[in-house]
Amino acid sequence: MKVMVNDEELEVSDDTTVSGLLQTLGFPERGIAVAVNWTVLPRSQWNSAVPEGARVEVVTAVQGG
């Protein structure tokens, strides 16, 4: 199935979870926030499946000022 991750279309398997997607794409386990279809997803829900056609946004926290 196809999903959009940070404005890039990707082909993933039907049983892909949010955490699996993040791991496959090399995102760190800490310091990120994830939104699926414009809704921020709590870390406790990252084991849920990514819906077909989903728009996933991953934002990395940056420290500084």
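Described below are features of the structure shown in this document. All figures in this text were calculated on a predicted structure; none of them were measured in a lab.

Criteria and cut-off values
- Residues numbered from 1 in each chain as written.
- Predicted model: local features only at pLDDT ≥ 70, side-chain atom pairs only at ≥ 80, totals over all residues.
- Heavy atoms only, no water.
- Helix = DSSP H or I, 4+ residues; strand = E, 2+ residues; numbered from the N terminus.
- Rg over C-alpha atoms; globule rule 2.2 N^0.38 Å.
- Buried < 20%, exposed > 50% of the residue type's maximum accessible area, 1.4 Å probe, protein only.
- Contact = heavy atoms within 4.5 Å.
- Areas by Shrake-Rupley, 256 points an atom, 1.4 Å probe, with all protein chains shown as cover.
- Lys, Arg positive; Asp, Glu negative; His and termini not counted.
- Charge placed at Lys NZ, Arg CZ, Asp CG, Glu CD.
- Pairing = 2+ DSSP bridges.

1. Topic: the overall build of the protein
Here's step 1: Along its length, the protein carries one helix and five strands.
Here's step 2: Its helices and strands taken in sequence order, the protein reads β-β-α-β-β-β from the N to the C terminus.
Here's step 3: The C-alpha radius of gyration computed for the protein amounts to 12 Å, which stays within 12% of the reference 11 Å derived for 65 residues, consistent with globular compactness.
Here's step 4: Structurally, the protein occupies a C-alpha span of about 40 × 25 × 20 Å along its principal axes.
Here's step 5: Within the protein, the fraction of its 65 residues that count as buried is 29%.
Here's step 6: Of the contacts formed within the protein by residues at least 6 apart in sequence, a portion of 50% connects residues at least 24 apart.
Here's step 7: In the form shown here, the protein has an accessible surface area of approximately 4,500 Å², with 50% of it arising from carbon and sulfur atoms.
Here's step 8: For the protein, the distance from the average site of its 4 positive side-chain charges to the average site of its 9 negative ones is 8 Å.

2. Brief notes about the sheet that holds strand 1 (residues 2-5)
Here's step 1: Spatially, five strands are ordered 2-1-5-3-4 in an open sheet, and the strand pairing comes out mixed. At either margin of the open sheet sits one strand with a lone partner, and together these are strand 2 (8-11) and strand 4 (39-40).

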